[in-house]
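Understanding the architecture of this molecule
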Amino acid sequence: MDHALPVVIFGAKLKPDGTPTRTLRLRVAAAHAFGTRQGRVMYVPTGGPSPPSGQREAVVMADMLHAAGVPPDGVVVEDTAPDTLASVIRCSALLRRRGHAGPVAVASSAYHLPRCLLLMRMMGWRVVRVPPPPVPAARGVGRRWFWRLREGAALPWDALLLAGYRLRAWRDGD
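These notes cover the structure that comes with them. All values reported here derive from a predicted model rather than from experimental measurement.

**Remarks on the pairing of strand S5 (residues 104-107)**
Neither face of S5 is exposed, since Val104 and Val106 on one face and Ala105 and Ala107 on the opposite face are all buried. In the sheet, strand S1 (residues 5-10) pairs with S5 via 3 bridges, with the strands oriented parallel. Across the sheet, residue valine 7 finds its bridge partner in S5, namely alanine 105. As paired strands, S5 and strand S6 (residues 127-129) are joined by 3 bridges and run parallel to one another. Each bridged residue has a counterpart across the sheet, and for alanine 105 the counterpart in S6 is valine 128. At this point the chain moves from S5, through helix H4 (residues 113-122), to the parallel S6, and the crossover so formed is right-handed.

Shown next, in the form of structure tokens:
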């Protein structure tokens, strides 16, 4: 792989018609703003099909990046992962197949970023925190607390699942 810094952008559910939500638009904008301040970057949007439209979150993000002026060779799409944990595993495999061994920048919303950073570290990456969008993902206080509590439960659960995955891979010699 060339010496571009990968910027993994974690997906968010699309609107029913397949268009990006405010949360997704903010994540992509934050990742793009970060990338423009770096040397060379390779954006890696991740996220599979989003019901009910079936559109792939990563493809929608790639289209947004291209519309913002990122050339096609500046984006590598991982469009199969259905959730955060799968995104971490599949992006890690993608980057390793491409020969990347350096740090990985991680982009998401402020409420989601701690889980993404921890899981990427657990996969052996040195991580760079992309500053999250400057506004909350949810507008209402109730919704913000819902997402914080959800992440509070998801973080240890995903960490446990990833530890099991890594143990099985180590035991199987992968």
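**A closer look at the pairing of S1**
Across the 6 residues that make up S1, a large majority, 6, are buried. Where burial is concerned, the two faces of S1 agree: the one with Leu5, Val7 and Ile9 and the one with Pro6, Val8 and Phe10 are both buried. Looking at chain direction, S1 and strand S2 (residues 41-46) are connected through 6 bridges and run parallel. By the bridge assignment, proline 6 is partnered in S2 with methionine 42. Read as a crossover between parallel neighbours, the route from S1 over helix H1 (residues 22-36) to S2 is right-handed.

Cut-off values and rules
Along each chain, numbering runs from 1 in the same order as the chain's sequence is written. Only residues with pLDDT of 70 or above have their local features reported here, since the model is predicted, and side-chain atom pairs are shown and tallied only from 80 upward, although totals for entire chains, interfaces and linings are computed over all residues. As a convention, hydrogens and water are excluded, and side-chain values are obtained from all of the structure's heavy atoms. Relative accessibility thresholds used throughout: buried, under 20% of the residue-type maximum; exposed, over 50%; partly exposed, between the two (1.4 Å probe, protein chains only). The helix and strand labels rest on DSSP assignments: H or I over at least four residues marks a helix, E over at least two residues marks a strand, and numbering proceeds from the N terminus. Any two strands with at least two DSSP-identified bridges between them are counted as paired. Looking down the strands as they point away from the viewer, one classifies a crossover as right-handed if the path from the first strand across the helix to the second runs clockwise.

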